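A structural walkthrough
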Amino acid sequence: MDTDPRAYSYPQDVLRDRIILITGASDGIGHALALRAASLGAQVILHGRTVAKLEQVYDEIEALDGAPRPSIAVLDLASANGDAYRALADGLANEFGRLDGLVLNASIIGDRYSIEQYDAATWQKVMHVNVTSAFALTQVCLPMLHESDDASVIFTSSSVGRTGRAFWGAYAVSKFATEGLSQVLADEHRHGNIRVNCINPGATRTKMRLEAFPGEDRDALKRPEEILATYIFLLGPDSQGVTGQSFDAQ
Ligand code: NAP
């Protein structure tokens with residue numbers, strides 16, 4: 001890799017004709033990425049659980065000059081069963097036939113307690129939404145990713161998913177697991193058409209960050225729109241052959 005992906009500069013049609021599913025596209029980083037990807041020519045599938053918020057993102061993309069019309073895929077990752085994942089994938093396969101990008105971005109933060117005090121039900125929910133749902137969605141999307149000439153899967157990590165830190169509980173452990181899932185999948189597809197990488201967005205001005213650090217100076221944080229270069233690099237043609245890596249977006 002010659003250039004730092006954080007400084008990646010790209011032509012305005014770098015994602016043209018690519019079909020990209022983004023989870024958690026209703027807010028925060030997923031929302032910003034959906035808008036940017038659409039503005040760069042991608043046909044974006046907006047996943048989330050809150051229909052009204054997804055429809056708002058849909059309208060924002062429709063208002064962009066020349067952006068392909070997006071689609072909406074509603075699935076609550078906390079409660080969806082296997083049939084719901086298969087139904088979502090069948091719907092996408094019928095409509096699009098392939099996927100060129102899968103961005104597993106949706107997550108929840110859970111509680112900021114010590115392990116000793118951590119609520120077991122919250123632990124399970126965080127692990128389920130952040131890890132098991134990413135596994136389940138990836139599994140049902142793989143046949144569509146195989147149909148692409150140049151597919152990219154991006155998992156979303158965190159700095160607490162690389163070095164454990166007190167009071168980050170299930171969230172930190174789920175991000176370690178996410179890094180592991182990304183590496184296993186990358187190794188399984190080492191010789192194929194699918195590259196698999198992880199991005200740690202770093203401290204970013206979103207509702208999750210506000211939940212984690214209610215007292216901090218939000219103006220000092222990067223906005224989601226400012227951290228997207230690594231995502232665009234990994235989703236576009238210039239990252240062919242880059243796989244099994246974990247990047248910092250900042
Ligand atoms: P965010 O603003 O809270 O957005 C989270 C997204 O996930 C929203 O679209 C949310 O939907 C969706 N989501 C949550 N639970 C869901 C469920 N059960 N089913 C379906 N969708 C669900 O978070 P963010 O800060 O943009 O974070 C994006 C990713 O970056 C996460 O993986 C996070 O761990 C990671 N990250 C963020 C930071 C940071 O500083 N922001 C730092 C490191 C890593 P609703 O809109 O319906 O709530």
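Refer to the structure printed above.
Residues numbered from 1 in each chain as written. Predicted model: local features only at pLDDT ≥ 70, side-chain atom pairs only at ≥ 80, totals over all residues. Heavy atoms only, no water.

1. Here's the deal with the layout of surface pockets
We apply this condition: Each cavity reported here is a set of points on a 1 Å grid over the protein atoms alone in which a 1.4 Å probe fits but cannot get out, each pocket an open set with protein on both sides within 12 Å along at least five of seven lines, and each lining residue one with an atom within 4 Å of a point. Grid points are joined across faces, edges and corners, and a volume is the space filled by probe spheres set on the points. Throughout, the ten residues Ala, Val, Leu, Ile, Met, Phe, Trp, Tyr, Cys and Pro are labelled nonpolar, Asp, Glu, Lys and Arg are labelled charged, and all others, Gly among them, are labelled polar.
Estimates place the volume of the largest pocket at around 910 Å³. Of the residues contributing to the lining of the largest pocket, the split by class is 16 nonpolar, 17 polar and 10 charged.

2. Considering the state of the cysteines
By definition, a disulfide links two cysteine residues through a covalent bond between their sulfur atoms. This is how the line gets drawn: Two cysteine sulfur atoms make up a disulfide if the distance between them is within 2.5 Å. Each residue's exposure class comes from its accessible area (1.4 Å probe, protein chains only) as a fraction of the maximum for that residue type: buried when under 20%, exposed when over 50%, partly exposed otherwise.
Counted under the stated rule, the structure contains 0 disulfides. As a non-bridged cysteine, Cys198 has Cys141 as the owner of its nearest cysteine sulfur, 17 Å distant. The class for Cys198 is buried, based on a relative accessible area of 1%.

3. A few points about the nonpolar core
To be explicit about the condition: Grouping buried Ala, Val, Leu, Ile, Met, Phe, Trp, Tyr and Cys residues that are joined through side-chain atoms within 4.5 Å yields what is termed a nonpolar core. We count a stretch as a helix when DSSP gives it H or I for four or more residues in a row; a strand needs E for two or more, and each element gets its number in order from the N terminus. What makes two residues a contact is simply this: any of their non-hydrogen atoms within 4.5 Å.
Within the largest apolar cluster, 35 residues are counted, with the highest numbers of intra-cluster contacts made by Leu15 and Tyr231. For this core, the elements supplying multiple residues, two or more each, are strand 1 (19-22), helix 1 (28-39), strand 2 (43-48), helix 2 (51-62) and helix 7 (229-235). Ignoring any residue separated from it by four or fewer positions in sequence, one finds Tyr231 in contact with Ile29, Leu33, Val103, Ile154, Thr156, Ile199, Pro201 and Ala249. Among the nonpolar cores identified, the runner-up in size contains 33 residues, and Ile45, Ala89, Leu104 and Ala151 belong to it.

4. So, helix 1
As a reminder of what qualifies: Multiplying 1.5 Å by the helix residue count minus one yields the expected span of that helix.
Under the 1.5 Å per step criterion, the end-to-end length of helix 1 is 17 Å for 12 residues, consistent within 8% with the ideal 16 Å. Tucked into the core, helix 1 has its buried residues touching strand 1, strand 2, helix 2, strand 4 (101-104) and helix 7. Among the residues trailing helix 1, Gly41 stands out with phi positive, at a value near 105°.

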